[in-house]
Amino acid sequence: MTSNGKQVPVQAAEFVRRHIGPTPADMEEMLRVVGVSDMTSLIEQALPSDIRQSAPLDLGSGLSEAEALAKLRVVAGQNKVATSLIGQGYYGTVLPSVIQRNLLENPAWYTAYTAYQSEISQGRLEALLNFQTMIADLTALEIANASLLDEATAAAEAMTMARRVSKSDATTFFVDKDCHPQTIAVVQTRAGSLGWPVIVGDTFAELDATAVFGVLVQYPSTSGAVRDYRDVFKRLHAAGAVAVMAADPLALALLVPPGELAADIAIGSTQRFGMPMGYGGPHAAYLATRTEYGRAMPGRIVGVSVDSRGRHAYRLALQTREQHIRREKATSNICTAQALPAVIAAMYGVYHGPDGLAKIAAAVAVAASSLAAGLRSQGRRLVHSDFFDTVVVDAGRDCAEILRRAAENGINLRRFTEEERTGWIGISCDETTTPAVIEKIWRIFSQSPEAHDEISVATLADTTQPAIPNPLQRTSDFMRHPVFHRYHSETEMMRYLRKLADRDLALDRAMIPLGCCTMKLNAATEMMPLSWPEFSELHPFAPADQARGYAQLIEDLERRLCAITGYDAISLQPNSGAQGEYAGLLVIRAYHKSRGEAHRNICLIPTSAHGTNSASAHMAGMEVVAVACDAGGNIDVADLRAKANKHAACLAAVMVTYPSTHGVFETQIRKICDVVHSYGGQVYLDGANLNAQVGLARPGEYGADVGHINLHKTFAIPHGGGGPGMGPIGVKAHLLPFLPGHPALANGASEVGPVSAAPYGSASILIISWIYILLMGGEGLKRATEAAILNTNYIATRLSPHYPLLFKGQNGRVAHECIIDPRHLKSTAGVTVDDIAKRLIDYGFHAPTMSFPVPGTLMIEPTESESKAELDRFCDAMIAIRKEIRSIEDGNMPRDDNPLVNAPHTIRDLADEVWTHPYTRAAACFPVKTLEQDKYWSPVNRIDNVYGDRNLVCSCPALDDLPEAAE
């Protein structure tokens, strides 16, 4: 049955019933506890009536899982998987089955949250530290971050970092014209929003080192060339400029690394370390740099600290500097990670080790050399004689005919589109390239059908060597740490992945009650198709007729998202929520510019907003003006009006989160939109909390002009330990012409350039959200929203007698998240929000969001997926912790030695010969009886964050501290 009593088809009810945690009987009991008669009454009390959508979602009835998969099979069948030799940053790869089964397809890995609670994230933090160590070694630079979104956005991040650390007074950035086209375009987009000129040219012939603050080069280049940049970088450094190198990590197993060439920053994609192309993503980019620039790095960095016992422990280092501390001064955004793909890339490196990577790289290079030898024997002119994996042929007048033959033979080659490269054809080899493929290419290029029989790959095997010049052949060791030498058998790798997963607390173990993050169920049916080759093995720049299935899915998903949000058009390009914010603000700026109002650059942002909002506004070239909130946590409309009036001539936008980050539906949202519109501004609605609106209200109908949609929150894409995500933006019709373009799209021209490397961002994970919407149907989506609001009000009701509820909306209700306020406990018991969060670990829970949006508080969001039993388990834990605090307040437990300040407790606490605390070991480790049978053990005691920031170590511990590497 639905919430309004209507009957729905059995197949729709079946999946919806399994997705929504509480049963109908549970809901009746929960509604009674909350104090309302039915769901309709609760929603009427929580949600302002003037924003309620009048019509139900017209998305049809939900499908059964079998029906949804059958429908997707039809869609997948419209994609054609060809042999892709396009290259341009995307390559065929082989993901070892042990990694696919035990990591990519394992909910212990893909349902984890970002590792802000370090003690319960030691497994994925170690994996990410492996990633950082691998990248630092391959690039020969001292420090690497824990991943970025893709290679093109990493290049943009490197540019802004270069501007920060450069000693040059110049404001111009130079990009070598032989970089990947999508990288050049994304860099131009970012530079344009910041007002920085970009010169695209020949680094060796056209670079004036004194006129730029930095330069970006590709290594190997997009046309395959391997060049020596040492003299160029020497000139740059003499002028105080910064050298940035986009380097292929597999090539670095054979090439002199960027650090040895004197590059300052290296960026690139680790896609070819096991991740399928996926029509564009998700793939983990990397950024590495010198130690002296470490504190200027964008994104997240895993560091080594110590726990309260003095043992090594991992944590996110400097984790708040961009998102919260720098805020409107930020030049980057911390929510720019691809944690799960980074872990896969790291484990690819661990499994193969340095020797294995070198062998794979050598096989790729030899394949390219063999290909080149055969083409030369046909009289074909090669554009470059030095290369790693990419051979470019100047085919001249034969170009079109060769490409036609290749297509007939199921092979995709790259056609260069630049005028000066007319007739060039690129052929990129990878680890999937076989001798049969090489010989087929020879036949395709051959002007004489018989010529291909004269040679074979086998006849060239003894004489073919990589086409890398001696001065650029790598001689230095890399990946010497024991972790890259031990786990080379499937048994060892399987056990290593299990060991790391067991150290973490993910959604497969317990509720993750984080506010604004919507850690909902990621159903297995939604996840399974990611491994289907029809979706995973498509190159993002494959011919359109090979991607008709993707086109259909994308078009249908856009239509459904428009119906849900009330926007008129969707861009699926932004591949994170933060990227969506940035893209949406660029759209607003372009709109104002089109009206002759390019001077509009003021962005009003409430003080309660996500830290990402300020960073995104700055990245879009806007100036941030803060708007106050009132005592109830709502936007102060009078202050908003005053600020809008003061900056009327230059007002560009307001960024507002709805429901607010305070967890309430503000009653004046329409008035807020009207005020900003009356002064010529646009309304950007942060979609982080869309989970509370689907089926109940449409942002595009109550005043929002543009907003992003966190598919990785509201629409079931897993968080993956901090990525992947997707943050598409929706716009009203007047903003449609300004959606981000892309050079790979036929209609890609736009006032706003691309914000991601691929036209549809991380396209392969769009499948998850599409299936989720199909399975739920319009009525199911509405029921999920209602359940999310009920679950939160249930928690708020149960906890409010024990912890003050900081903000309430109309009629005393909250939205899909609520904030409890334990700040007074600091004075009454010496207990902080950190102590409560760490003590929750002993009870088997991930902590709610700490100290955001209000320092010292906890923001709780249960989502619709949690059952009443799990909600009660969480509430019981929080109430039990309050009783422990009361024993401190009553003087029965000392302030400096109690279960909270010493939490989390580990199995070592049970093993200590001497126990000196004034509470029992059982109280420490088994605070409730049910834990005696099913206990999650934190692998470390409380981590010292201050020590970690003061002693920044961001790679695996030194070899001198560890046994010799096992061969």
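Keep in mind the model is a prediction, meaning the values are calculated, not measured.

Thresholds, definitions, all that
- Residues numbered from 1 in each chain as written.
- Predicted model: local features only at pLDDT ≥ 70, side-chain atom pairs only at ≥ 80, totals over all residues.
- Heavy atoms only, no water.
- Pairing = 2+ DSSP bridges.
- Helix = DSSP H or I, 4+ residues; strand = E, 2+ residues; numbered from the N terminus.
- Axes fitted to C-alpha atoms, helices over the stretch in contact; angles between N-to-C directions.
- Contact = heavy atoms within 4.5 Å.
- Buried < 20%, exposed > 50% of the residue type's maximum accessible area, 1.4 Å probe, protein only.
- Parallel < 35°, antiparallel > 145°, perpendicular 65-115°, else oblique.
- Left-handed = near helix turned anticlockwise from the far one by under 90°.
- Polar contact = N/O pair within 3.5 Å; in protein donor to acceptor, adjacent residues only side chain to side chain.
- pLDDT = per-residue confidence, 0-100.

A. Highlighting the sheet that holds strand β18 (residues 651-657). Read across the sheet, seven strands follow the order β15-β21-β20-β19-β18-β16-β17 without closing on themselves; strand pairing throughout is mixed. Each edge of the open sheet carries a strand with a single partner, namely β15 (569-571) and β17 (623-627). When the angles between neighbouring strand axes are averaged without regard to direction, this sheet yields 25 degrees. Direction of pairing for β15 relative to strand β21 (residues 729-731): antiparallel, over a ladder of three bridges. Looking across to β21, one finds that A569 is bridged to V731. Contacting β18, β19 (682-686), β20 (706-708) and β21, helix α22 (residues 577-594) crosses the sheet at an angle of about 175 degrees to β19. Where helix α23 (residues 611-619) meets the sheet, it contacts β16 (602-606), β17, β18 and β19, and its direction lies at approximately 175 degrees from that of β16.

B. Examining the sheet that holds strand β11 (residues 390-394) more closely. Strand order across the open sheet formed by three strands is β11-β14-β13, with antiparallel pairing between neighbours. Strands at the two margins of the open sheet, each flanked by one partner only, are β11 and β13 (414-415). As paired elements, β11 and strand β14 (residues 424-428) share five bridges and run antiparallel to each other. In the strand pairing of β14, T390 is matched with S428.

C. Molecular detail of the pairing of strand β6 (residues 242-247). When you tally the buried positions in β6, you get six out of six residues, the bulk of the element. On β6, burial covers both faces: V242, V244 and A246 on one face and A243, M245 and A247 on the other are all buried. With six bridges joining them, strand β5 (residues 214-219) and β6 adopt parallel strand pairing. Along β6, the bridge assignment pairs Q218 with A246. With three bridges joining them, β6 and strand β7 (residues 265-269) adopt parallel strand pairing.

D. Highlighting the packing of helix α2 (residues 24-34) against helix α27 (residues 766-799). Their axes nearest at 9 Å, the elements α2 and α27 cross at an angle of 50 degrees. The angle between α2 and α27 places the two elements in the oblique class. As for how α2 packs across α27, the hand of that crossing is left-handed. Residues M27, M30, L31, V33 and V34 of α2 touch α27, and the partners they reach there are A787, L790, N791, N793, Y794, T797 and R798.

E. Up close: the side chain of R942. Within the fold, R942 resides in the loop between α32 (921-925) and α33 (945-950). Here L900 takes part through its backbone oxygen, which lies 2.7 Å from a polar atom of the side chain of R942. Reaching out from R942, the side chain makes a polar contact with the backbone oxygen of A903 at a distance of 2.7 Å. Once you skip the residues sitting within four places of it in the chain, R942 turns out to touch E119, V306, D307, S308, D834, D835, K838, L900, V901, N902, A903 and P904.

F. Broad picture of the confidence of the model for the protein chain. Of all residues in the protein chain, 95% attain a pLDDT of 70 or more, and the chain-wide mean is 93. Below a pLDDT of 50 lies the segment residues 320-325, which in the model reaches 21 contacts outside its immediate sequence neighbourhood of four places, other chains included. Within the model, pLDDT remains below 50 along residues 959-967, and this stretch shows 10 contacts once partners closer than five positions in the same chain are excluded.

G. Summary view of the environment of G856. Examined against the element boundaries, G856 turns out to sit in the loop between β23 (849-850) and β24 (858-860). Excluding its chain neighbours within four sequence positions, the residues that come into contact with G856 are P822, R823, V833 and S851.

H. Region of interest: the pairing of strand β4 (residues 198-201). Of the pairings in the sheet, the one linking strand β3 (residues 173-176) to β4 comprises four bridges and is parallel in character. From the neighbouring strand, V175 faces β4, where its bridge partner is V200.

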